[in-house]
Amino acid sequence: MKFIGPLTKPLLTFTSGILLLTPSLGHGFELWGPKWKNGEADIYINLNNPNGTNVDWDKHMRRAIDAWNNTSTELHITAKSGDYHPCAGYPGSGIPEDGNRNSTGFSKEYCGTAIDEDTIAVTSSLWDEDLNLTESDITFNNNHYAWSQYNGKPIASTRDFYRIAAHELGHFIGLDHEDNTLTPVLMHTYDETAADLTQDDINGARSIYPSPALAAAPKMQLNIEEPAPGQIASGVSNIRGWAIAKREISHTEIFLDNKPIGLIPHGSTRNDVANVHSVYPSAGSSGFSMIYNWGLLNPGNHTIKVIAHDKIGNTVQKSVNFTTTSVSNPYINNSNKVRINGTAEVSGNNTITLNDVNADGGNYRMVIEWNVGTQQWAIKTIQAK
Ligand SMILES: [Zn+2]
């Protein structure tokens, strides 16, 4: 993020620019707080770029506005024609206030301050105590950059107007930079490989301007699928489930018998969750899972608790009671140390009893049963003999 300033127009001021190159990894859109009340804003556009090619800048600005409007039925940015200056009313700009109009333009300097050559464009926003945006203005740097219009690979010397305009409009509606992604996103600080809005950018806009269905939905939901309630867990297997939130989930913690055992990785693909909970942004990447060796626990009843946190401090949690069963050595490192000595019998519709098993020196009776959670045959009971 590139801060330009200081700016002292009324109340709080946020400025950002977008810089060059250096992609990174992770997932999830970022919001910076304020939003347009009722999702409604006007922006005056009358872009002419004396240094630019023969491009209809206004047309591409309107296209970028439409792209954001299409993300949510609750977002309505109205493009208006009018020659207003983005720096109007900013101290040092020498340009008189224009009635807090949102506007956009090319400029060789930024509101009386030299524009940095690393800064391609700047969005400056003002908001009130209720976190409603009151003004937002976009300035494109035509001092250090030539501008054109193309969809392909970014060219450092000539900026692609549409993608920069769409990025700045992302700030205009309330999105912050998202630099922690595995895939290209438009709202990345440096990386310009996304030539248009990506699903993550769209999810961000939907989170700020939720549909009526999302507005009515619970803030967060969570489900633990494995171990399932009452399940008999043994061996090395998964703890898994999913968590969804109106805002992005920041982290997910796991507790075993009320003791924290750390963070559980979150964000894996769950198309089935997205199908059922389609109103939630990022339901499609809501999975969490980790591997655990149940043999490390004393055989018997246990409780697992998962708590998911969103980025603004909301939490959701769920607990599951289950049972573990194990042989005395929690990790037998050689399959030759396990022998079936006695008989094996079909002891039920979906159970097999191994009457005498020697596992690393201990003798046991084991019952194997079909497990719905794991979709595999699994140990149901282990009895020492
Ligand atoms: Zn930016």
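Preceding block: the structure.
The numbering scheme is per chain: residues are counted from 1 as the chain's sequence reads. Per-residue local features are limited, in this predicted model, to residues with pLDDT of at least 70; the limit for side-chain atom pairs, both in listing and counting, is 80 or more; totals at the level of whole chains, interfaces and linings are taken over all residues.

Caption draft 1: The arrangement of unusual backbone geometry in detail. Cis geometry marks the peptide bond from Glu-226 to Pro-227; its omega dihedral reads 0 degrees. Numbering of helices and strands starts at the N terminus; helices are DSSP runs of H or I of at least 4 residues and strands are runs of E of at least 2. Mapped onto the elements, Pro-227 comes out in the loop between β11 (220-226) and β12 (232-233). For Asn-38, which is not a glycine, the phi torsion comes out positive at approximately 60 degrees. With respect to the helices and strands, Asn-38 occurs in the loop between β1 (12-17) and β2 (40-45). The exposure class of Asn-38 is exposed, given the 11 C-beta atoms found within 10 Å. Even without a glycine there, the phi angle at Cys-111 is positive, about 50 degrees. Put plainly, a residue is buried at 20 or more neighbouring C-beta atoms within 10 Å of its own, exposed at 12 or fewer, and partly exposed in between, counting only other residues' C-beta atoms, which are placed from the backbone.

Caption draft 2: Broad picture of the pairing of strand β17 (residues 287-293). For strand β13 (residues 236-245) and β17, the ladder comprises seven bridges, and the chain directions are antiparallel. Looking at β17, one finds that Val-236 is bridged to Asn-293. In this description, strands pair whenever DSSP reports at least two bridges between them. Bridge count for strand β16 (residues 266-268) against β17 is two bridges, and the pairing is antiparallel. Bridge pairing in β17 places Ser-268 opposite Gly-287.

Caption draft 3: Looking closely at the nonpolar core. Among the nonpolar cores identified, the biggest contains 48 residues, and Ala-64, Trp-68, Ala-165, Ala-166, Leu-169 and Ile-173 are the most heavily contacted of them. Elements represented by at least two residues in this core include exactly β2, α1 (57-69), β7 (121-127), β8 (133-141), α2 (161-173) and α3 (199-208). A total of eight residues in this core trace back to one element, the largest contributor, which is α2. Note on contacts: each residue gets a C-beta atom placed from the backbone, and two residues are in contact if those atoms are within 7 Å. Apart from residues no more than four positions distant in its own chain, Ala-166 is found in contact with Ala-64, Ala-67, Leu-186, Asp-196 and Leu-197. In these notes, a nonpolar core means any group of buried Ala, Val, Leu, Ile, Met, Phe, Trp, Tyr and Cys residues linked to one another through C-beta atoms within 7 Å. Ranked by size, the runner-up nonpolar core spans 22 residues in total, among them Trp-242, Ala-245, Val-273 and Phe-288.

Caption draft 4: Molecular detail of the sheet that holds strand β14 (residues 249-256). With respect to topology, five strands assemble into an open sheet ordered β12-β19-β18-β14-β15, the strand pairing being mixed. The open sheet terminates on both sides in strands that have one partner only, identified here as β12 and β15 (259-263). Here β14 pairs with β15 via four bridges, running antiparallel. Directly across from Leu-256, in β15, lies its bridge partner Lys-259.

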